[in-house]
Amino acid sequence: MTNNKTILTWLEEMKALLNPDNVVWIDGSEEQLEQLRAQSVASGELTKLNEELLPDCYLHRTAINDVARVENRTFICSKKEENAGPTNNWMDPQQAYKMLYDIARGSYAGRTMYIIPFSMGPIGSPLAKAGIEVTDSIYVVLNMAIMTRTGQKVLDVLGDSNDWVRGLHSRCDIDEEKRYICQFPEDNTIISVNSGYGGNVLLGKKCFALRIASYQGWNEGWMAEHMLILGIENPQGEVKYVAAAFPSACGKTNLAMLIPPEYLKEQGYKIWTVGDDIAWMRIGPDGRLWAINPENGFFGVAPGTNEKSNFNALASTKQGTIFTNVAYDKDNGNVWWESLDKNPPENGIDWKGNPWNGKTSSEKGAHPNSRFTAPAKNCPCVSSEFDSTTGVPISAIVFGGRRAKIAPLVYQSKDWENGVFVGSTMASETTAAASGAVGVVRRDPMAMLPFCGYNMGDYFQHWLDMGKKLGDKAPKIFNVNWFRLDDEGHFIWPGFGDNMRVLNWIIARCENKVAAQETAIGYVPYSKDIDLTDLDFSIDTLNDILKVDREAWTKEAEEITEHYKKFGDKLPTELKTQLDNLKKGLAK
Ligand code: GTP
Ligand code: SPV
Ligand code: MN
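Owing to the predicted nature of the structure, the values given are computational and were not obtained by experimental measurement.

The rules behind each value
Here the residue numbering is sequential within each chain, running from 1 through the sequence in written order. Starting at A for chains and at 1 for ligands, labels are handed out in the order in which the entities are written. Where local features are concerned, this predicted model is filtered to residues with pLDDT of at least 70; where side-chain atom pairs are given and counted, the filter is 80 or more; whole-chain, interface and lining totals use all residues. For the side-chain quantities, the full set of heavy atoms in the structure was used; hydrogens and water were omitted. Axis angles are defined between N-to-C directions and span 0 to 180 degrees, where every axis is a line fitted to C-alpha atoms and, for a helix, only to the segment in contact. Numbering of helices and strands starts at the N terminus; helices are DSSP runs of H or I of at least 4 residues and strands are runs of E of at least 2. Orientation categories follow fixed angle ranges, with anything under 35 degrees roughly parallel, anything over 145 roughly antiparallel, 65 to 115 roughly perpendicular, and all other angles oblique. In this scheme the handedness of a crossing depends on how the near helix is turned from the far one: anticlockwise by less than a right angle means left-handed, clockwise means right-handed. Residue contacts are defined here by distance: any two heavy atoms, one from each residue, within 4.5 Å place the two residues in contact. Gly is placed with the polar residues, together with every amino acid not listed as nonpolar (Ala, Val, Leu, Ile, Met, Phe, Trp, Tyr, Cys and Pro) or charged (Asp, Glu, Lys and Arg). What a helix is expected to span follows from its residue count: subtract one and scale by 1.5 Å. Partly exposed residues are those whose accessible area sits between 20% and 50% of the maximum for their type, while under 20% is buried and over 50% is exposed, using a 1.4 Å probe and protein chains only. Throughout, the arc means that of the directions going from the helix axis to the C-beta atoms. Any residue with a non-hydrogen atom lying within 4 Å of a molecule or strand is treated as near it. In protein, a polar contact means a hydrogen-donor-capable atom and an acceptor-capable atom, both N or O and within 3.5 Å, with residues adjacent in sequence counting only if both atoms are side-chain atoms; elsewhere, any N or O pair within 3.5 Å suffices. Surface exposure here means Shrake-Rupley accessible area, sampled with a 1.4 Å probe, where a residue is shielded only by the protein chains that are shown. Domain boundaries shown here were taken from an automatic or database domain assignment. In short, DSSP must find at least two bridges between two strands for them to pair. Any Phe, Tyr or Trp ring, taking Trp's six-membered ring, that has another such ring centre within 6.5 Å forms a pair; planes under 30 degrees apart are called stacked, those over 60 apart edge-to-face, and the others tilted. By definition, being over a ring means that NZ of Lys or CZ of Arg is both within 6 Å of the ring centre and within 35 degrees of the ring normal. Shown as donors are all N, O and S atoms within 2.8 Å of a metal ion, widened to 3.2 Å for Na, K and Ca; because water is not in the atom set, sites may appear incomplete. Geometry assignment treats four donors as tetrahedral when all angles are between 85 and 135 degrees, treats four as square planar and six as octahedral when opposite donors are over 155 degrees apart and all others between 65 and 115, and treats everything else as irregular. Throughout, buried area stands for the accessible area (probe radius 1.4 Å) lost by two parts on being put together, summed over both.

## Some points on the packing of helix H12 (residues 416-424) against helix H13 (residues 456-470)
Interhelical geometry of H12 versus H13 gives an angle of 155° and a closest axis separation of 10 Å. Judged on the interaxial angle alone, H13 and H12 are roughly antiparallel. Crossing of H12 over H13 shows right-handed handedness. Contact residues: Trp416, Glu417, Val420 and Ser424 in H12; Phe460, Trp463, Leu464, Met466, Gly467 and Leu470 in H13. A class-by-class count of the residues in the contact of H12 with H13 yields seven nonpolar, two polar and one charged.

See below:
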């Protein structure tokens with residue numbers, strides 16, 4: 001497949017270490033993938049779903065102790081501990097290699113080593129980067145073949161270059177106590193052992209496209225971010241692009257594929273999806289910030305996805321999709337998850353593999369972090385720029401999180417520097433996407449807390465530096481919160497498609513078409529400027545969720561002070577000044 005010496009040498013090392021019975025190169029052909037699907041159905045690793053309802057779709061169940069990312073077992077192995085920074089687990093690289101090789105040694109015995117050449121980004125794009133993942137899991141191969149561009153073409157474009165990321169995955173015994181997800185940013189290397197769950201094992205995704213790539217971006221002057229990318233087309237046919245960072249399971253896939261409210265559709269508004277999870281962004285020849293989605297599919301949260309909440313995501317899963325940890329309907333070979341519809345299977349199997357009657361059981365059928373792996377090309381609103389090698393120009397960057405109180409529906413930062421402050425102080429309630437307690441408020445700067453491959457203080461500085469380079473061509477920066485709760489614990493804002501009303505305000509701000517009120521935290525909309533046409537939502541309630549509560553924000557500023565202490569000398573002075581300004585503004 002290749003004569004690239006750096007690849008061949010590494011593969012020899014891997015073979016010697018892992019001791020596989022067979023070695024198979026993934027060439028990207030449909031015939032080979034089809035054969036692997038058949039093989040994994042025969043072994044029970046995958047269940048073939050009803051061919052008429054869900055053509056070429058499969059179900060997989062992971063071990064019940066292996067259903068989400070494991071942040072406490074994820075390490076950044078840079079030579080100096082300081083370079084991993086205060087928010088990452090760190091391990092000395094020499095020690096880590098030794099420990100991981102000891103765990104992985106001989107673990108492919110009796111198994112096949114699959115070699116997956118993959119590209120993050122359209123093959124041949126100057127923004128794309130290559131990787132090689134070796135794995136003993138067909139599930140990983142088939143998911144990587146959906147999530148990335150895979151096969152011979154990647155090697156052809158790479159040629160003799162050494163600019164590729166090494167990824168070693170071994171399922172070993174799926175032993176929680178020996179599960180490690182280790183990134184070696186200085187060596188372009190990832191090692192993942194004892195897991196079979198998506199974010200831990202699809203090494204192109206969080207491990208490469210965020211942890212390794214964020215470090216590469218810092219060195220090379222670009223940005224790798226946990227952001228969706230969408231295009232908003234107005235009735236004149238002009239498309240403006242927005243990139244938005246929300247923590248895991250906080251609405252990126254939903255926003256990326258939203259369907260505008262009826263009255264806006266009738267006017268001609270459209271949403272186009274470029275990406276739903278990751279953005280790589282560079283300054284283009286015109287001085288603006290340009291973004292590509294390095295992925296080729298969607299690894300989306302299943303529960304909560306339905307015709308109404310996210311029609312386009314659901315449509316994307318109707319063909320060539322792998323479902324992980326959802327419920328199975330034995331009567332018709334279909335899948336089900338919570339809030340898909342009101343008709344759960346009676347004769348079902350839950351995500352743990354146990355018989356399950358959805359009509360009578362109080363247990364959940366699907367795991368809260370169950371997922372679909374769907375090809376992006378299935379998406380009815382996929383952008384015409386999806387495969388563009390240059391990417392799309394970004395007009396606005398949006399931060400957001402899950403905040404029951406305090407954070408208004410939307411506000412705009414005063415400028416780039418203030419926007420970096422807003423991103424660096426982001427907070428959100430934790431979700432099922434990572435193991436651990438759910439619903440605890442934590443600071444998650446730029447939604448990158450679990451994904452930044454270097455010291456977050458340096459990462460903030462990199463953001464500030466990018467702003468200086470972009471100057472007046474920098475995207476405007478906003479913050480949104482769809483998740484305000486009333487006293488009974490219900491979401492106040494309808495969210496989903498109605499978030500388009502907020503996006504329209506954001507675009508209007510970028511085009512200087514609408515005024516806003518200046519507050520201590522930034523520019524907040526006048527409630528009359530959020531269009532509530534056809535919505536049963538009172539202007540008083542809107543005013544409530546737009547209000548900047550001085551007392552609550554004063555407390556918030558104290559918490560930010562604590563949050564910032566972690567970064568010590570690495571905290572850029574600009575951000576200290578921003579915090580002082582916020583406090584002064586609130587005291588006024
Ligand atoms: P990752 O793939 O983990 O990065 O998640 P994500 O950010 O793409 O989140 P996703 O769009 O899958 O949404 C996660 C959960 O948030 C689902 O249960 C959605 O139903 C819910 N959600 C998304 N958008 C909204 C919204 O506007 N309002 C409310 N109330 N819930 C939402
Ligand atoms: C996330 O947790 O942000 C995801 C899913 O997108 S995973 O691939 O598991 O990281
Ligand atoms: Mn994500």
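## Describing helix H17 (residues 573-587)
Every α-helix winds through 3.6 residues per turn, so residues three or four apart in the chain are directed the same way. Compared with an ideal rise of 1.5 Å per residue, which puts 15 residues at 21 Å, H17 spans 21 Å between its outermost C-alpha atoms and is within 8% of the ideal. Taken as a whole, H17 has its buried residues at Glu574, Leu575, Gln578, Leu579, Leu582 and Leu586. Buried residues of H17, seen end-on, are gathered within an arc of 140° and therefore sit on one face of the element. Every exposed residue of H17 that faces more than 90 degrees away from the buried side is listed here: Thr573, Lys584 and Ala587. Looking at the buried residues of H17, the elements they touch are H12, H13 and helix H16 (550-565).

## Overview of the site of ligand 2
The environment of ligand 2 is made up of Arg69, Tyr197, Gly199, Lys205, Lys206, His226, Ser248, Asp277, Phe299, Arg371, Ala433 and Phe451. Within the side chain of Arg69, a nitrogen or oxygen atom sits 3.0 Å from an oxygen atom of ligand 2. At 2.8 Å, a side-chain N or O of Tyr197 approaches an oxygen atom of ligand 2. The protein chains hide 98% of the 280 Å² of surface that ligand 2 would expose on its own. For the shell around ligand 2, a count of residues per class yields four nonpolar, three polar and five charged. Split by domain, the residues of the shell around ligand 2 number at least three in each of domain 1 (5-44 + 70-221) and domain 2 (225-295 + 386-587).

## Observations regarding the sheet that holds strand E2 (residues 47-48)
Spatially, E2-E3-E19-E24-E18 is the arrangement adopted by the five strands of the open sheet, whose pairing is mixed. Pairing within the sheet leaves two strands with one partner each, and these edge strands are E2 and strand E18 (297-301). For strand E19 (residues 322-324) and strand E24 (residues 371-375), the ladder comprises three bridges, and the chain directions are antiparallel. Considered in E24, the bridge of Phe323 is made with Phe372.

## Overview of the packing of aromatic side chains
Evaluation of the coordinates by the stated rule reveals 23 aromatic pairs. Between Tyr97 and Tyr101 the ring centres are 5.8 Å apart and the planes differ by 45°, which places this aromatic pair in the tilted class. Of this pair, Tyr97 and Tyr101 both sit in helix H4 (residues 93-104), separated by four residues, roughly a single helical turn. For Tyr97, a relative accessible area of 16% puts it in the buried group. Relative to Trp218, the ring of Tyr215 lies with its centre 6.1 Å away and its plane at 65°, an arrangement referred to as edge-to-face. Placement of the pair is Tyr215 and Trp218 together in helix H8 (residues 204-220), with a separation of three residues, close to one helical turn. Classification of Tyr215 as buried rests on a relative accessible area of 17%. Taken together, the ring pairs connect Tyr215, Trp218, Tyr454, Tyr459, Phe460 and Phe567 into an aromatic cluster. Taking NZ or CZ as reference, Lys48 lies 5.4 Å from the ring centre of Tyr58, over its face. A cation sits over an aromatic face here: Arg509 above Tyr523, 5.1 Å from the ring centre.

## Comments concerning the coordination of the manganese ion (ligand 3)
The manganese ion (ligand 3) binds to the protein through Lys206 (NZ), His226 (NE2) and Asp277 (OD), with metal-donor distances spanning 2.1 to 2.4 Å. Geometry at the manganese ion (ligand 3) is irregular, judged from the six donor atoms that bind it and their angles of 65 to 176° at the metal. All donor residues of the manganese ion (ligand 3) come from one chain, and their arrangement in sequence is K-x19-H-x50-D. With a gap of 51 residues between them, His226 in the loop between strand E12 (223-225) and strand E13 (227-233) and Asp277 in the loop between strand E15 (270-275) and strand E16 (279-283) connect regions that are remote in the sequence. Note on accessibility: His226 and Asp277 belong to one class, buried.

## Re unusual backbone geometry
A positive phi angle, close to 60°, is found at Ala447, a residue other than glycine. As for its placement among the helices and strands, Ala447 is situated in the loop between strand E28 (441-443) and H13.

## Topic: the domain arrangement of the protein chain
Along its sequence, the protein chain is organised into domain 1 (5-44 + 70-221), domain 2 (225-295 + 386-587) and domain 3 (297-378). A separation of 31 Å is found between the C-alpha centroids of domain 1 and domain 2. Tallying the contact residues gives 35 residues for domain 1 and 35 residues for domain 2. Between domain 1 and domain 2 lies a buried interface of about 3100 Å² when both sides are counted; carbon and sulfur atoms form 57% of it.

## Comments concerning the side chain of Ser195
Along the polypeptide, Ser195 turns up in the loop between strand E11 (189-193) and helix H7 (198-201). Engagement of the side chain of Ser195 in a polar contact is seen with the backbone nitrogen of Tyr197, the distance being 3.1 Å. When near neighbours in sequence (up to four residues on either side) are disregarded, Ser195 contacts Asp66, His169, Ser170, Arg171, Ile174, Arg179, Asn200 and Val201.

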